[in-house]
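Residues per chain, in single letters:
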Amino acid sequence: MSETRYPTLEVLLSQVRDCRACEQYLPLGPRPVLRASETARILIVGQAPGARVHTTGIPWDDPSGERLRTWMGIDKNVFYDQSHIAIIPMGYCYPGRGKGGDLPPRRECAELWLDQLLAKLPHIELTLLVGQYAQRYFLGNRRKLSLTETTRKWQEYAPQYFPLPHPSPRNTPWFNSNPWFEQQLLPVLRARIEALHAS
């Protein structure tokens, strides 16, 4: 039925951007932020837009995005070229803040749209699972008991998936206490991205 309702990715994206399913729960109102093209070979799945991204409408337009691009070894021009890189978070709208930071992504986004979006991206060869919510959805019972352990076992999921911590400045203590992440995982991730982008 979805093939009839949404014959192309462009039509589907238009519907997602018009979605108002969670409107009553969103403190700043709905503004779905995502981008994709049927030719994309790399998919980035994060959590949900922060307040700044809600304002600009540009995904990862914040310090976390700067660090993510550094991890990937690419600049903004490559990062925002949706013909190569699709950016679809687990939640598409800013969910608001809780006691410890932004609230989790709302589940309605994935329930309503994610599988349909993924079905329209036939060329994805590498998916970055940024944070526990993406890892939970894509890895299911293959993930470990903690984000740290899942990320430490990244070779079990590569080359299709690379589990990553969230690149937020809040996680600086994690980066400092897990030097293997930068020493072992990131060089392999950058080489994989470079190979996909060059081919």
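These remarks concern the structure in this document.

Calculation notes
Residues numbered from 1 in each chain as written. Predicted model: local features only at pLDDT ≥ 70, side-chain atom pairs only at ≥ 80, totals over all residues. Heavy atoms only, no water. Phe/Tyr/Trp six-rings, centres within 6.5 Å; stacked < 30°, edge-to-face > 60°. Helix = DSSP H or I, 4+ residues; strand = E, 2+ residues; numbered from the N terminus. Buried < 20%, exposed > 50% of the residue type's maximum accessible area, 1.4 Å probe, protein only. Contact = heavy atoms within 4.5 Å. Pairing = 2+ DSSP bridges. Axes fitted to C-alpha atoms, helices over the stretch in contact; angles between N-to-C directions. 1 Å grid on protein atoms, 1.4 Å probe; cavity = no way out; pocket = protein on both sides within 12 Å on 5 of 7 lines; lining within 4 Å. Points joined across faces, edges and corners; volume = space filled by probe spheres on them. Nonpolar A, V, L, I, M, F, W, Y, C, P; charged D, E, K, R; others polar.

Tallying each qualifying case throughout the model produces 11 aromatic pairs. On the numbers, 5.6 Å between centres and 85° between planes, the contact of Trp 71 with Phe 175 is edge-to-face. With Trp 71 in helix H4 (residues 63-72) and Phe 175 in helix H9 (residues 172-177), the pair connects residues that are 104 residues apart, well separated along the chain. Phe 175 matches Trp 71 in its accessibility class, with the two residues each being buried. When the ring of Trp 174 is compared with that of Phe 181, the centres are 5.6 Å apart and the planes differ by 75°; the resulting orientation is edge-to-face. Accessibility assignment for this pair places Trp 174 and Phe 181 in one class, buried. The rings of Trp 71, Trp 174, Phe 175, Trp 180 and Phe 181 are connected pair by pair, giving a single aromatic cluster.

Another aspect to go through is unusual backbone geometry. A cis geometry characterises the amide bond from Ala 158 onward to Pro 159, with omega recorded as 5°. Relative to the helices and strands, Pro 159 resides in the loop between helix H8 (147-152) and strand E6 (161-164). Even without being glycine, Trp 60 reaches a positive phi, approximately 60°. Its location among the elements puts Trp 60 in the loop between helix H3 (51-56) and H4. Judged by relative accessible area, which is 9%, Trp 60 ranks as buried.

A separate point is the side chain of Asp 61. Mapped onto the elements, Asp 61 comes out in the loop between H3 and H4. In this structure Asp 61 touches Arg 52, Val 53, Thr 56 and Tyr 80, once residues within four positions along its chain are discounted.

Below, the discussion takes up the sheet that holds strand E5 (residues 126-130). Overall, parallel pairing links the four strands, which are arranged E2-E1-E5-E6 in an open sheet. Strand pairing shows two members of the sheet lacking a second neighbour, strand E2 (85-87) and E6, which therefore form its edges. Neighbour-to-neighbour, the strand axes of this sheet turn through a mean angle of 15°, independent of strand direction. Inspection of the sheet shows strand E1 (residues 42-45) paired to E2 by three bridges, in the parallel sense. Bridging from a neighbouring strand, Ile 42 pairs with Ile 85 of E2.

Let us look at the layout of surface pockets. Of the pockets and cavities examined, the largest pocket occupies roughly 890 Å³. If you trace the largest pocket, you find 36 residues lining it, with Gln 47, Ser 64, Asp 102, His 166 and Ser 168 closest to the centre. Among the secondary structure elements, those contributing two or more residues to the lining of the largest pocket are H3, H4, strand E4 (101-102) and helix H7 (132-139). It is H3 that provides the largest number of residues to the lining of the largest pocket, a total of three residues. Here the residues of the lining of the largest pocket sort into 20 nonpolar, 11 polar and five charged. Approximately 240 Å³ is the volume attributed to the second largest pocket.

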